[in-house]
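Architecture and fold: a report
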Amino acid sequence: MVTHQDVQAAARRSAGHIRPVALAPVDEGAFGGAEGWLALEFLQHTGSFKARGAFNFIGSHVEAGTVPDAGVVIASGGNAGLACAWAAARHSVTATVFVPETAPAVKVDRLRALGADVRQAGREYAEALDASRKHAAETGALESHAYDHPLIAAGAGTVMEEILRCRPDLDTVVVSVGGGGLFTGVAVSALEHGVRVVAVEPHGSRALNAALEAGAVVDVPVDSVAADSLGARRAAPMALEWARKDGVRSVLVSDQEIVSARQALWDDRRIAVEHAAATALAAVRSGAYETRPGEKVAVLLCGANTDPGDLTRPR
């Protein structure tokens, strides 16, 4: 289990290296009768929250002297690989990143620009993960993970610590869920401070929701517009443990609602985020999560590694 002390340790380790999250208020009435903010974590290094977990993971191993000569290897749909490559470069560590063949070209190009050895394998995250594990076994490289590791989750949780420093009176945080690393870290911090957590997934990629339904982690099919970032076939066991706690609610949104939320961010604020980030906002806009009058709600916009071309085309 990840603890609040782990999140606090990650915050100390990453201080001065991670960009503090900014909060932007939403227009009155945008969240029903609630008072709302957008947490602009897509402004983070490498364009997503993943930089937090990657820096904590690699920094912890550098401190312990446990980084092998072969460096670090990770499988990622894109964002975790970008973060791993960035954090590795910050620590002068070699990074090998396995991505599915379906990974957006913008992410692959950025990985290479960060100095990573990029290798494409399979069409889903699970296949890239198998290839990365084989590489680790053959070379001795240190295995990182896109989401299923306590150091990764603890690093991700530092964003919630920052949100609470800005809004200590917050009632609820709404967060997108893929494999559950961000959700776990956010839940650890939020529940420590009595803040409710709404975990949002697409109907077509519902690993955490299905695990709650089954009472154990299970494999799910992946078919969603947000699958490039929220495409985990199976949720992390630690995510399921935290999702079972009081104060956590799991909700689902449709691809249409995700696309609509993403477009609204562009139309109203000229914010271009990836579908994964828009998934959290979709829960509030669609009513999948119904806010209450006077409730103070933050929606975490987790990443912006996307091709914005479709946002500006005539509709």
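Every value quoted in this text rests on a predicted model; they were computed, and no experiment measured them.

To continue, consider the sheet that holds strand β2 (residues 35-40). Spatial ordering of the open sheet is given by β1-β2-β10-β7-β8-β9, a layout of 6 strands whose pairing is mixed. Where the open sheet ends on each side, the last strands, each with one partner, are β1 (23-25) and β9 (248-253). Within this sheet the neighbouring strands show an average axis-to-axis angle of 25 degrees, counted without direction. Bridging between β2 and strand β10 (residues 296-301) involves 6 bridges; their strand directions are parallel. The partner of Ala 39 across the bridge, within β10, is Leu 300. Relative to the sheet, helix α11 (residues 255-269) contacts β1, β2, β8 (196-202), β9 and β10, its axis offset from that of β9 by approximately 90 degrees.

The next point concerns the sheet that holds strand β4 (residues 95-99). The sheet built from 4 strands is open, its strands ordered β5-β4-β3-β6 with parallel pairing. Two strands close off the open sheet at either side, each with one partner strand: β5 (117-120) and β6 (142-143). Across 4 bridges, β4 lies against β5 in parallel orientation. Bridge pairing in β5 links Thr 96 to Asp 117.

Considering the arrangement of structural elements, one finds Thr 306 in the segment after β10. A polar contact of 2.9 Å, which involves the side chain of Thr 306, links it to the side chain of Arg 262. If near-sequence neighbours (up to four positions away) are discounted, Thr 306 is found in contact with Val 106, Arg 262, Ala 272, Val 273 and Glu 274.

Another aspect to go through is the state of the cysteines. Between two cysteines, a covalent bond joining their sulfur atoms is known as a disulfide. Taken as a whole, this structure holds 0 disulfides when the rule is applied. Left unpaired, Cys 166 is separated from the closest cysteine sulfur, that of Cys 302, by 18 Å. Given the relative accessible area of 42%, Cys 166 is considered partly exposed.

Helix packing for two helices is described by the angle between their axes and how far apart those axes are. Their axes nearest at 7 Å, the elements α11 and helix α12 (residues 275-286) cross at an angle of 100 degrees. Relative to α12, the element α11 is oriented roughly perpendicular. Across from Glu 257, Ile 258, Val 259, Ser 260, Ala 261, Arg 262, Ala 264 and Leu 265 in α11, the residues of α12 making contact are His 275, Ala 278, Thr 279, Leu 281, Ala 282, Arg 285 and Ser 286. Broken down by class, the residue content of the contact of α11 with α12 amounts to 8 nonpolar, 4 polar and 3 charged.

What follows is about the packing of aromatic side chains. Each aromatic ring pair is described using two quantities: the centre-to-centre distance and the angle formed by the ring planes. In the structure shown here, the tally under the stated rule is 1 aromatic pair. Relative to Trp 86, the ring of Phe 55 lies with its centre 5.9 Å away and its plane at 40 degrees, an arrangement referred to as tilted. You can see Phe 55 sitting in helix α2 (residues 50-64) and its partner Trp 86 sitting in helix α3 (residues 79-90), a full 31 residues away along the chain. Accessibility classification places Phe 55 together with Trp 86 in one group, the buried group. The side chain of Lys 245 reaches across the aromatic face of Trp 242, ending 4.8 Å from its centre.

As enumerated under the stated definition, the model contains 13 salt bridges in all. The closest approach of N and O atoms between Asp 117 and Arg 119, which form a salt bridge, is 2.8 Å. The exposure class assigned to Asp 117 is partly exposed, which follows from its relative accessible area of 32%. The class of Arg 119 is partly exposed, set by a relative accessible area of 33%.

Cut-off values and rules
Residues numbered from 1 in each chain as written. Predicted model: local features only at pLDDT ≥ 70, side-chain atom pairs only at ≥ 80, totals over all residues. Heavy atoms only, no water. Pairing = 2+ DSSP bridges. Helix = DSSP H or I, 4+ residues; strand = E, 2+ residues; numbered from the N terminus. Axes fitted to C-alpha atoms, helices over the stretch in contact; angles between N-to-C directions. Contact = heavy atoms within 4.5 Å. Polar contact = N/O pair within 3.5 Å; in protein donor to acceptor, adjacent residues only side chain to side chain. Disulfide = S-S within 2.5 Å. Buried < 20%, exposed > 50% of the residue type's maximum accessible area, 1.4 Å probe, protein only. Parallel < 35°, antiparallel > 145°, perpendicular 65-115°, else oblique. Nonpolar A, V, L, I, M, F, W, Y, C, P; charged D, E, K, R; others polar. Phe/Tyr/Trp six-rings, centres within 6.5 Å; stacked < 30°, edge-to-face > 60°. Lys NZ or Arg CZ within 6 Å of the ring centre and 35° of its normal. Salt bridge = Lys/Arg side-chain N within 4 Å of Asp/Glu carboxyl O.

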